[in-house]
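Letter by letter, the chains look like this.
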Amino acid sequence: MSFERMQRVITAALLPVAVLLSSDCGGPAEGSVLRDQVATVAAVPAAATSSGTAAVRLRRLWTGEEPDFWASSPSPDGRYVTEIDYTTGNLAVIDLRTGTLYPLTDKQSWLESNDLAGPSMFSPDGRRVVYAWYHDDGEKQYDEIRVLDFTVDAAGAPHGSHARIVHGAGPILAYDLYGWLSDDEVLTGITRPDKTTALASLSLSTDSVRVLKSFGWEGWRAVLSRDRRYVAYDQDRKSTRLNSS
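All values derive from a computational prediction rather than experimental measurement. (Residues numbered from 1 in each chain as written. Predicted model: local features only at pLDDT ≥ 70, side-chain atom pairs only at ≥ 80, totals over all residues. Heavy atoms only, no water.)

Caption draft 1: Summary view of the nonpolar core. In this structure, Leu91, Val93, Leu104, Val129 and Phe150 are the most contacted members of the largest nonpolar core, which totals 18 residues. No other element matches the four residues that strand β6 (residues 128-136) contributes to this core. Val166, Leu177, Trp180 and Val186 belong to the second largest nonpolar core, which has 15 residues in total. (Core = buried A, V, L, I, M, F, W, Y, C linked by side-chain atoms within 4.5 Å. Buried < 20%, exposed > 50% of the residue type's maximum accessible area, 1.4 Å probe, protein only. Helix = DSSP H or I, 4+ residues; strand = E, 2+ residues; numbered from the N terminus.)

What follows is the structure, encoded as C-alpha cells:
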C-alpha cells in the first residue's frame, strides 16, 4: 500500500459521520475481527462499583514506538496480532506473549522488490489471514488481495502457507479490508476506473465483487458488526458525490 493511500485511510478515521448500513449477509455471532483492537493502555486495577460489581480492567498489551498496529488484526484467541514487517515488507504476526515478530510471507529484502503488505485480518476461526499486498514490479504498481493459511508448529512458531492471489490488477482495485462477511466473503474498499470508491463484498473463491455502497473520491472507513449483519461507515459531510448502489 502506497504512503498516499496510508494517509487517506488515516484521515478518513477522523471524519465524524457514522451510519449503519445493512449488508444483508447474516451469520452466527463469532469473535470480533474489528480493526485497531490492540490498544497500548496502562494497566488499571479492578475496582468495585457502587452496585458491587467489578469494574472493567484495562491491561497493557504492547508499548513502544514500533510496531504501529495501524493495519493490524488480532487473532480470535487474542495471542497474535498481524503486522507489517517494515524491514522487508513482509506480512507478519507478533506473539503478544513473547513479543516475537514472525514473517508469514517469504519476501527476502527490499533489494528483491518494493512489494509491501497492507491491511490484514484473521478469519473468525483463526485458520486464515486475508491481506492486501502492494505490488511494484518497476513498471506498474497495483494492490492485490491475498489469503493464506495460518498455522502454529509444535514449537509454537506461527507460519503462513498456501498463499494465493484472490484479486489482482484490473479495472477494479481492492485496497482495504474491514471484516469477514462469511467464510468466503470479505468486506473491502475498492477503487473503480473513474477513480470513485465503494464499499464492497469480495468473494475469495470466485473474485466476484458486489458493491454495497458507492462513494466519490474522498476517504472513508468502515467496521463490521459482530453478527456480520451491519456495517458502520463514515463519510465527509462536505461530500457532494455520494450515491447509493
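Caption draft 2: Spatial organisation of the pattern of salt bridges. All chains considered together, the criterion is met by two salt bridges. The residue aspartate 95 makes a salt bridge to arginine 79 at a minimum N-O spacing of 2.8 Å. With a gap of 16 residues between them, aspartate 95 in strand β3 (residues 90-95) and arginine 79 in the loop between β1 (19-22) and β2 (80-85) connect regions that are remote in the sequence. The partly exposed category is assigned to arginine 79, whose relative accessible area is 21%. With a shortest N-O distance of 2.6 Å, arginine 146 and glutamate 144 are connected by a salt bridge. (Salt bridge = Lys/Arg side-chain N within 4 Å of Asp/Glu carboxyl O.)

Caption draft 3: Main features of the sheet that holds strand β12 (residues 209-214). Spatial ordering of the open sheet is given by β9-β10-β11-β12, a layout of four strands whose pairing is antiparallel. In this open sheet, the two edge strands, each paired with only one partner strand, are β9 (173-180) and β12. Strand-to-strand twist across the sheet, computed as the mean angle between neighbouring axes with direction ignored, equals 30°. Strand direction decides the pairing type here: strand β10 (residues 185-191) and strand β11 (residues 197-203), joined by seven bridges, are antiparallel. In the strand pairing of β11, isoleucine 190 is matched with alanine 198. (Pairing = 2+ DSSP bridges. Axes fitted to C-alpha atoms, helices over the stretch in contact; angles between N-to-C directions.)

Caption draft 4: Focus on the sheet that holds strand β7 (residues 141-152). Strand order in this open sheet of four strands is β5-β6-β7-β8, and the pairing throughout is antiparallel. Looking along the sheet, the strands with just one partner apiece sit at the ends: β5 (116-122) and β8 (158-167). Adjacent strand axes in the sheet meet at a mean angle of 30°, parallel and antiparallel pairs treated alike. Across nine bridges, β6 lies against β7 in antiparallel orientation. Directly across from aspartate 136, in β7, lies its bridge partner glutamine 141.

Caption draft 5: A look at the environment of tryptophan 180. When you line up the elements, tryptophan 180 lands in strand β9. Among the residues examined, tryptophan 180 registers a relative accessible area of 0% and is labelled buried. Along the chain, tryptophan 180 and proline 124 lie 56 residues apart, while their C-alpha atoms are 7.4 Å from each other. Within the structure, tryptophan 180 has its side chain in polar contact with the backbone oxygen of phenylalanine 122 (distance 3.1 Å). (Polar contact = N/O pair within 3.5 Å; in protein donor to acceptor, adjacent residues only side chain to side chain.)

Caption draft 6: Geometry of the side chain of aspartate 115. Residue position: aspartate 115 is located in the loop between β4 (101-103) and β5. With no salt bridge to any partner, buried aspartate 115 finds its closest opposite charge in arginine 146, at an N-O distance of 4.9 Å. Polar side-chain contacts of aspartate 115 include one of 3.2 Å to the side chain of histidine 135. (Lys, Arg positive; Asp, Glu negative; His and termini not counted.)

Caption draft 7: Focus on the packing of aromatic side chains. The final tally for this structure, using the stated rule, is four aromatic pairs. For the pair phenylalanine 122 and phenylalanine 150, a centre-to-centre distance of 5.0 Å together with 85° between the ring planes defines the contact as edge-to-face. With phenylalanine 122 in strand β5 and phenylalanine 150 in strand β7, this pair connects stretches of sequence that are 28 residues apart. Like phenylalanine 122, the residue phenylalanine 150 is buried in the burial classification. Each ring, one from phenylalanine 215 and one from tyrosine 233, has its centre 5.5 Å from the other, and the planes form 80°; the classification is edge-to-face. One end of the pair, phenylalanine 215, is in the loop between β12 and β13 (222-224); the other, tyrosine 233, is in strand β14 (residues 230-233), with 18 residues separating them in the sequence. By relative accessible area, which is 0% here, phenylalanine 215 ends up buried. You can call tyrosine 233 buried: its relative accessible area is 6%. (Phe/Tyr/Trp six-rings, centres within 6.5 Å; stacked < 30°, edge-to-face > 60°.)

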